[in-house]
Amino acid sequence: MSATIQSALSSRLSPQTRERATQLISRFSSSYSANRPTIQKGLFTLWVLYALGSSWYGLSGKGAKKGGDEGARGGKDRKGRKGRRTGPRVEVDAVFFQRLKRILRIVVPGIRSKEAGLIFMHSGFLLFRTILSLYVASLDGRIVSALVRAKPRQFLIRICWWMLVAIPATYCNAMISFIQSKLSIAYRTRLNDKISKDYLSDDAVFYKIGNLDDRIKNADQLITVDVNRFSNSLAEIYSNLAKPVLDVIIYNAQLAANVGAEGLVGLTIVVQTSAAILRALTPSFGRYAAEEAKLEGELRFTHSRLIENAEEVAFFRGEDPEKNTVERSYFTLIKHVNRVLKIRAVHSVVEQGIIQWLWGATGLCVCAIPVFFRLPGVAPGDMGSRTEGFVTNRRLLLSASDAFGRILQSYKDLSELAGHTARVSELLDVCEDVKDGKYVKNLVSSRGTEENARMLQKRGKVVESDEIRFVDVPICSPNGDVLVQALTFNVKSGSHLLVVGPNGCGKSSLFRILGGLWPCYGGTVYKPPPAAFTYIPQRPYLCLGMLRDQVIYPDTRERMLERDITDDDLLEYLSIVGMEDIVEREGGWDVTREWRDALSGGDKQRIAMARLFYHRPKYAILDESTSAVTFDIEREFYTRATEMGITLLTVSHRPSLWKYHQMILQFSGQGDYVFTELDAEKRLALQEEKQALEHQLLEVPRLEARLKDLKAVAGQA
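The model shown is predicted, which means the values in this text are computed figures rather than measured ones.

(A) Spatial organisation of the overall build of the protein. Regarding its fold elements, the protein presents 24 helices and 12 strands. In the protein, buried positions account for 41% of the 717 residues. A separation threshold of at least 6 residues defines the contact pool for the protein, and within that pool the share at least 24 residues apart is 76%. Carbon and sulfur atoms make up 57% of the accessible area of the protein, which amounts to about 39,600 Å² in all.

Here is the structure:
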């Protein structure tokens, strides 16, 4: 190499300058050759430190683009157009790593956990596969060397070794895929347990997320689809990052020993420069993944909504508007997917051009160094040895290039993981906020939202007590509209309360506050613990399970037996409401059906009545719970419930129920209310007199017309 430089200098410089330059080059070459082993170690050590540092810098989020707040403000995108973003951007940044760190504590709870064991086992197989790849690269070169040297015996022996290596290699690859799948299942199981614990907690988080908070519209998709996608992505990202980083270091260590650390440093400069360009051109795939998941959820919600309201839509012949709604959601999703596909196609062209072709050409130049240049300390070889070295180095280079390419591509995988992480983290955040009584509501009101927002931020006191008492408690809708400014009433045990009023006056809101589903926005609520209440709505809930489960819900059969209650007792409860024949009719207590579809509205209400007798709570909230049964069943139900000592809080407009209540809470619908004792006989007499007067008033126009006709006839006479 020094001779080439000297010949180039001799044609351009004066004789004296040429002589001094030649002497300097000779001394430098001699000194470099003498100290080359030390220089090689130093260069390779610096390269390893640089590779690890740059990988950590890029993956820790410190080198990521910052712009999360910009997206939240609806800032401009890269082309300068004002963005359409309605939420924060999803980037591989410090926020992503904070979210991921929090979730990792959930999915890998400790070093001795099952998940940690799977990770260690996975790492062992990844390391073993890298060692096998090194051996295969060397064996590949020796096979080609035997072929060039025309030595058939060595060629066949090395081919046999190649086939033998396939046994542990295929087993290793299969185990890596198997353990990765097991890791994904383990992650999903841990997350599912955590989410189920929070989402289905005693605080009714599942109800409050859908009714008091507007941040999550499709929690079902987040729990099923997005958690699964996150688990798969997290399991894949480990092998897509850990093994490539390890491969790059090991392959390049062997490559540096074969071609010199100088070539490795030059190759790294080219690779890092082009990688920086590629990273700058990489779009925000994380935001695209999060947006796609959101649109998938909206499409699923439109179908779920159609199924829930199928009867009403069918009666109104609403197929066309519902079809337009579904198609609008679908084409919005497809438009987004097609846009992302075009962006991916352009990015793939640039990515392959840099990774496959530019790096390939640079690698060939590095592999050719031992052929065209004589390296200090390396003896020249024959055609076979040079071929063996070139093939081995090229194999190592291709493996290292593939590993580094996977590291670069893993940034795209990280971006998608960031999108899934943001969705799962949002679900965890909302669950925690709702448990703490923090709600985010998109308010809409004709009188302005500021006053409503202030009302929803207020909190009253809830005190556990043996009786029910409201003191200056405002009754509000979830939107913040005040239905009753300050409600004060009390219900003592055994003093049954009837609640009446027009629709939207606050009856259901009152019971939701009483049941702990809605927060108390002011005043003081004295009430028993939730276990002292049973709620029976107009359309009772029937769970998935056996016939017995419908009566004892939410208890289990074991819990029923602990309470010394048998199937005969359940049959007695059913006989009170005239349903004793259902056990024989349906085939026994252990029959499983979709009871929501198998029973009529009246049967569902009677099942709920039997459920009330089973639980025997201190208080029962009955919201039009007898609207689909006969008066005889209604009378028997109320009589037996009062005999059991259950205090009834009833919402109903049936006059036949007045005699079972001692107090009445009547809402006017204009923000006023009346709480007083109920005299059923007097109220019934007034009701009959009112109906009689209304009937007489309806006759007034006819009587006036008749009087007018009679006057006309009398005038003619």
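(B) Representation of the sheet that holds strand 1 (residues 461-464). On the basis of which strands lie adjacent, the open sheet formed by four strands has the order 1-5-2-3 and mixed pairing. This sheet does not close on itself; its edge strands, each paired only once, are strand 1 and strand 3 (482-491). Between one strand and the next, the sheet's axes are offset by a mean angle of 25°, whatever the strand orientation.

(C) Structural context of the packing of helix 19 (residues 567-576) against helix 22 (residues 601-615). Axis separation between helix 19 and helix 22 bottoms out at 9 Å; the angle between their running directions is 130°. Judged on the interaxial angle alone, helix 22 and helix 19 are oblique. Classified by chirality, the crossing of helix 22 by helix 19 is right-handed. Taking contact as the criterion, the partners of L570, Y573, L574 and I576 in helix 19 are, on helix 22, I607, A610, F613 and Y614. Classifying every residue of the contact of helix 19 with helix 22 by side-chain character gives eight nonpolar, no polar and no charged.

(D) Broad picture of the pattern of salt bridges. Evaluation of the coordinates by the stated rule reveals 24 salt bridges. Measuring nitrogen to oxygen at the nearest pair gives 3.5 Å for the salt bridge that ties R585 to E586. Of the residues examined, R585 reaches a relative accessible area of 46% and is grouped as partly exposed. Close ionic contact of R654 with E634 constitutes a salt bridge, the shortest N to O distance being 2.7 Å. You can see R654 sitting in the loop between strand 10 (647-651) and strand 11 (663-667) and its partner E634 sitting in helix 23 (residues 631-643), a full 20 residues away along the chain. Relative accessible area serves as the criterion here: at 19%, R654 is assigned to the buried category. Three or more residues are tied together by salt bridges with common partners; here these are R102, D429 and E432.

(E) Unusual backbone geometry, seen in detail. Along the chain, Y553 connects to P554 via a cis peptide bond; the corresponding omega equals 5°. Turning to its location among the elements, P554 is positioned in the loop between helix 17 (547-552) and helix 18 (557-562). With a phi angle near 55°, D472 is a residue other than glycine that sits in the positive phi range. In this structure, D472 sits in strand 2 (residues 468-476). Here D472 falls in the partly exposed class, since its relative accessible area comes to 45%. If you check the backbone angles, E624 has positive phi at about 50° while not being a glycine.

(F) Focus on the sheet that holds strand 6 (residues 533-536). Read across the open sheet, the six strands follow the order 6-9-10-4-11-12; overall the sheet is mixed. Each edge of the open sheet carries a strand with a single partner, namely strand 6 and strand 12 (673-677). Each strand axis lies, on average, 15° off the axis of its neighbour in the sheet, ignoring direction. Here strand 4 (residues 497-500) runs beside strand 11; their pairing, made up of four bridges, is parallel. Residue pairing in the sheet places V499 in a bridge with L665 of strand 11. Helix-sheet contacts for helix 22 involve strand 6 and strand 9 (619-623), and the interaxial angle to strand 6 is about 175°. Those strands touched by helix 23 are strand 9 and strand 10, and its axis lies near 145° from that of strand 10.

(G) Up close: the pairing of strand 2. In the sheet, strand 2 pairs with strand 3 via six bridges, with the strands oriented antiparallel. Residue pairing in the sheet places C476 in a bridge with V482 of strand 3. Where strand 2 folds back onto strand 3 in an antiparallel hairpin, the turn is made up of five residues, including G480, whose phi is positive at roughly 100°. Of the strand pairs in this sheet, strand 2 and strand 5 (residues 524-527) are connected by three bridges, and their pairing is antiparallel. Each residue of the ladder has a partner; that of F470, found in strand 5, is V525.

(H) Seen up close, the side chain of S233. Among the structural elements, S233 can be located in helix 8 (residues 219-259). For S233, the residues in contact, after removing those within four places along its chain, are D413, L417 and H420.

(I) Looking closely at the packing of aromatic side chains. Under the counting rule described, the total for this entry stands at 11 aromatic pairs. Ring geometry for F125 and Y171: centres 6.1 Å apart, planes at 65°, overall edge-to-face. Taken together, the residues span a long stretch of sequence, with F125 in helix 5 (residues 114-148) and Y171 in helix 6 (residues 152-199) at a distance of 46 residues. Both rings, one in F470 and one in F489, keep their centres 5.0 Å apart while their planes meet at 25°; by these two values the pair is stacked. With F470 in strand 2 and F489 in strand 3, this residue pair connects regions lying 19 residues apart in the sequence. An identical accessibility class is assigned to F470 and F489; each is buried. Taken together, the ring pairs connect F613, F637, Y638 and Y660 into an aromatic cluster. Positioned above the aromatic ring of Y526, the side-chain terminus of R469 is 4.2 Å from the ring centre.

The rules behind each value
- Residues numbered from 1 in each chain as written.
- Predicted model: local features only at pLDDT ≥ 70, side-chain atom pairs only at ≥ 80, totals over all residues.
- Heavy atoms only, no water.
- Helix = DSSP H or I, 4+ residues; strand = E, 2+ residues; numbered from the N terminus.
- Buried < 20%, exposed > 50% of the residue type's maximum accessible area, 1.4 Å probe, protein only.
- Contact = heavy atoms within 4.5 Å.
- Areas by Shrake-Rupley, 256 points an atom, 1.4 Å probe, with all protein chains shown as cover.
- Pairing = 2+ DSSP bridges.
- Axes fitted to C-alpha atoms, helices over the stretch in contact; angles between N-to-C directions.
- Parallel < 35°, antiparallel > 145°, perpendicular 65-115°, else oblique.
- Left-handed = near helix turned anticlockwise from the far one by under 90°.
- Nonpolar A, V, L, I, M, F, W, Y, C, P; charged D, E, K, R; others polar.
- Salt bridge = Lys/Arg side-chain N within 4 Å of Asp/Glu carboxyl O.
- Phe/Tyr/Trp six-rings, centres within 6.5 Å; stacked < 30°, edge-to-face > 60°.
- Lys NZ or Arg CZ within 6 Å of the ring centre and 35° of its normal.

Treat this as a map of the structure, not an account of what it does.
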